[in-house]
Amino acid sequence: MRPANEALIVIDVQNDFCPGGALAVAGGDDIVAPINALLDDYQVRVFTQDWHPADHLSFASEHPGAEPYSMTEMPYGPQVLWPDHCVIGSQGAAFHPGLRTDAADLIIRKGFRRGIDSYSAFFENDHETPTGLEGYLRTRGVDRLVMVGLATDFCVNYSAVDAANLGYRVNVIESLTRAIDLDGSLDAARRGMAAAGVTLD
Ligand code: VGL
Ligand code: ZN
């Protein structure tokens, strides 16, 4: 059993990020069984769920003429435009049916404000709107995080870097993540996480 000050954070293991989903990550479903096998080792278990209104501004469909995976400028900076995904209440937004969601102590939803995307489990993409996770972890006495889930180079990366900057010790189990890898984003994410002091194993 892992100590009570260490939490397992399971990022966005949802149908739309698995093969057949709207923003499928290659091999996204391979990590479900090994994540299930880890859950019983942890005393604090938090899952995140990407959760967008149907007209979310990170969707290319909201920007006439824009292709999915192209870039736009938002008031908070550059933003990738995605295929419609993880729409609130849809099957695509549901967790992978094989994931042991009963084991989650807390499910944190993110990305539900139309105008701001939210990759990180801690802050939306403006880097200042909090999700509330920091307060939850603080009041439970957690200062170490182990992260797994989807996608390595977006939500796992942003969550891990924010957590390290907030002062947590963070380890990403890279074998229990899968990447989108858009234009070298996986390499950039690995470098960024390492520079922030995140360990990858
Ligand atoms: C994610 C792109 C858009 C992720 C979420 O979970 O990594 N990526 N929304
Ligand atoms: Zn999203």
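Residues numbered from 1 in each chain as written. Chains lettered and ligands numbered in written order. Predicted model: local features only at pLDDT ≥ 70, side-chain atom pairs only at ≥ 80, totals over all residues. Heavy atoms only, no water.

1. Quick word on the sheet that holds strand β8 (residues 199-200)
So, step 1. With parallel pairing, six strands are arranged side by side in an open sheet as β5-β2-β1-β6-β7-β8. Each edge of the sheet is formed by a strand with only one pairing partner; in this case those strands are β5 (106-110) and β8.
So, step 2. Where strand β1 (residues 6-11) and strand β6 (residues 144-150) come together, six bridges link them in parallel fashion. Bridging across to β6, V10 finds its partner in V148.
So, step 3. Along the sheet face, helix α3 (residues 152-165) touches β1, β5, β6 and β7 (169-178) and points at about 170° away from the line of β6. (Pairing = 2+ DSSP bridges. Helix = DSSP H or I, 4+ residues; strand = E, 2+ residues; numbered from the N terminus. Contact = heavy atoms within 4.5 Å. Axes fitted to C-alpha atoms, helices over the stretch in contact; angles between N-to-C directions.)

2. Structural notes on the state of the cysteines
So, step 1. In this structure the tally under the stated criterion is zero disulfides.
So, step 2. Here C86 stays unpaired: no disulfide links it, and the sulfur of C155, its closest cysteine neighbor, is 8.6 Å away. (Disulfide = S-S within 2.5 Å.)

3. Remarks on the coordination of the zinc ion (ligand 2)
So, step 1. Ligation of the zinc ion (ligand 2) by protein atoms is provided by D50 (OD), H52 (NE2) and H85 (NE2), these donors lying 2.0 to 2.2 Å from the ion.
So, step 2. Around the zinc ion (ligand 2), the four donor atoms are arranged such that angles at the metal cover 88 to 169°; this shape is classified as irregular.
So, step 3. Sequence positions of the residues that donate to the zinc ion (ligand 2) give the spacing D-x1-H-x32-H. With a gap of 35 residues between them, D50 in strand β2 (residues 44-50) and H85 in the loop between β4 (77-80) and β5 connect regions that are remote in the sequence.
So, step 4. We classify D50 as buried; its relative accessible area is 3%.
So, step 5. In this structure H85 comes out as buried when scored by relative accessible area, which is 3%. (Donors = N, O, S within 2.8 Å, 3.2 Å for Na, K, Ca; no water. Tetrahedral: all angles 85-135°; square planar, octahedral: opposite > 155°, others 65-115°. Buried < 20%, exposed > 50% of the residue type's maximum accessible area, 1.4 Å probe, protein only.)

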